[in-house]
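# Overview (structure and organization)
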Amino acid sequence: MWVRGFIYAALLALSGQAIAQSDPKITAQRAALQLDTAATALIQAENATDRVKALTETVAAYEEGLIALRQGIRQVAVRESALRQIFDARSLEISRLLAALQAMERSPAPLLMLHPSGPAGTARSSMMLAEVTPALQVQAESLKRQIDELNLLQAIQTGAADALREGLAGVQTARARLSEARADRIDLPRQFSADPEAMQALLNNSETLRAFADGLNSLPEGSSLSGGYGRLEDLIGALALPVNGTLLRGYNEPDAAGITRPGIVLATMPEALVTSPVAATIRYAGPLLDYGNVIILEPDNQHLLVLAGLGAVYSQPGEIVQPGTALGLMSGETTLGAVSPFSTDGTGAERSETLYIELRQGDSPTDPSPWFDPGSGN
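Residues numbered from 1 in each chain as written. Predicted model: local features only at pLDDT ≥ 70, side-chain atom pairs only at ≥ 80, totals over all residues. Heavy atoms only, no water.

Take the packing of aromatic side chains next. Summed over the entire model, instances satisfying the criterion amount to two aromatic pairs. Ring centres of Tyr291 and Tyr356 lie 6.0 Å apart, and the angle between their planes is 35°; on these two criteria the pair is classed as tilted. Note that Tyr291 is positioned in the loop between strand 4 (280-287) and strand 5 (293-300) and Tyr356 in strand 9 (residues 353-361), a separation of 65 residues in sequence. Looking at Tyr291, the relative accessible area reads 16%, which means it is buried. (Phe/Tyr/Trp six-rings, centres within 6.5 Å; stacked < 30°, edge-to-face > 60°. Helix = DSSP H or I, 4+ residues; strand = E, 2+ residues; numbered from the N terminus. Buried < 20%, exposed > 50% of the residue type's maximum accessible area, 1.4 Å probe, protein only.)

Have a look at this one:
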């Protein structure tokens, strides 16, 4: 934890020299607080009454903190690169400045005032020196500030690598404990008991996601054990995205191969936590066609919400989930390189996994974007 404290203190010392459009001090402060909170929550979660809920919140806190730290350090890396470019462009000027300052420092003050032409030349040289010296001092002070800042930026980046390793270890531990807690839980409320044979037959006979989703409506749900959840239409614009990610493709937007899908695609970090955005019954959870692991939620009797592309699933058909319930993890493997902030292009290339979201109303897909709060992603 001391590493994150050092990073925040160092960033704070940058003061007004930091990049103005997105202050890394604030970003780093948020990251430090989130990672410290997550580390504390991981310890406390072992004794929590609802251990699954506590661990879910812990994983989310770690993910938020790592993203914030990466953003802050990326800004620092940009600033360091800009300073180095300034030094490279002014290398000759800086060398001359340093040479002049060193010559002035080595020469006794009286000798600086003497001139071979006599008293008049000495007077003129003293006037020129009086004008030049303040300018040299200003340049020297500016150079010193930039060198100090560069040294500080380098120290921040060195500390950031340790903070990322520490945060990565914490989130991996939290994910493992969450998986164990979900597997051990036996008190999960259920809406119905799925028929394994009927589900397998539907899987074998479905060639498309649409055919599988339509076929779910024909499967018997058994006896209802809970009431309804209300209408999904009442939640337009209020749902949090199921994963911490950025929009990669919109509804019916073609991909690089020109293929369109009636849903949206989010780019996410490897092993990112996927949670339920809405109270719903899980109609299906498992592998499906070429979509990887898929979870299909039924928030009401008019809609199905499809989440495809997961690497691991925690849930089972018939399970009743509330908003924020952990459903599984994205594919991939989180490594230090995968969360490294030292790339300054800002393209989000580290978000190597994709979650496909499709909302079906009756037998037809509809754009899910209006249901989600646009501020809930990163």
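A few words now on the nonpolar core. Grouped together as the largest cluster of nonpolar side chains are 26 residues, with contacts concentrated most on Leu55, Val59, Tyr62, Leu69, Val171, Leu178 and Leu273. If you tally residues by element for this core, the top one is helix 3 (residues 51-89), at nine residues. Counting residues in hydrophobic clusters, the runner-up holds 25 residues, among them Leu232, Val243, Val278 and Met330. (Core = buried A, V, L, I, M, F, W, Y, C linked by side-chain atoms within 4.5 Å.)

This part covers the pattern of salt bridges. Evaluated as defined, the whole model comprises 11 salt bridges. A salt bridge links Asp214 to Arg210; the shortest N-O distance between them is 3.8 Å. Taken together, the residues Asp214 and Arg210, both in helix 8 (residues 209-216) and four residues apart, mark about one turn of the helix. In this structure Arg210 comes out as exposed when scored by relative accessible area, which is 51%. Salt-bridge contacts for Glu298 lead to Arg283; the nearest nitrogen and oxygen are separated by 3.4 Å. (Salt bridge = Lys/Arg side-chain N within 4 Å of Asp/Glu carboxyl O.)

For Glu353, the location among the structural elements is in strand 9. Although Glu353 is buried, it makes no salt bridge; Arg175 carries the closest opposite charge, 11 Å away. In contact with Glu353, other than residues within four places in its own chain, are Leu266, Ala267, Thr268, Met269, Pro270, Met330, Ser331 and Gly332. (Lys, Arg positive; Asp, Glu negative; His and termini not counted. Contact = heavy atoms within 4.5 Å.)

Before going further, it helps to examine the side chain of Glu358. Within the secondary structure layout, Glu358 lies in strand 9. Only 2.5 Å separates the side chain of Glu358 from the side chain of Tyr356, close enough to count as a polar contact. The contacts of Glu358, once residues within four sequence positions are left out, are Leu209, Pro262, Gly263, Leu304, Leu305, Val306 and Pro365. (Polar contact = N/O pair within 3.5 Å; in protein donor to acceptor, adjacent residues only side chain to side chain.)

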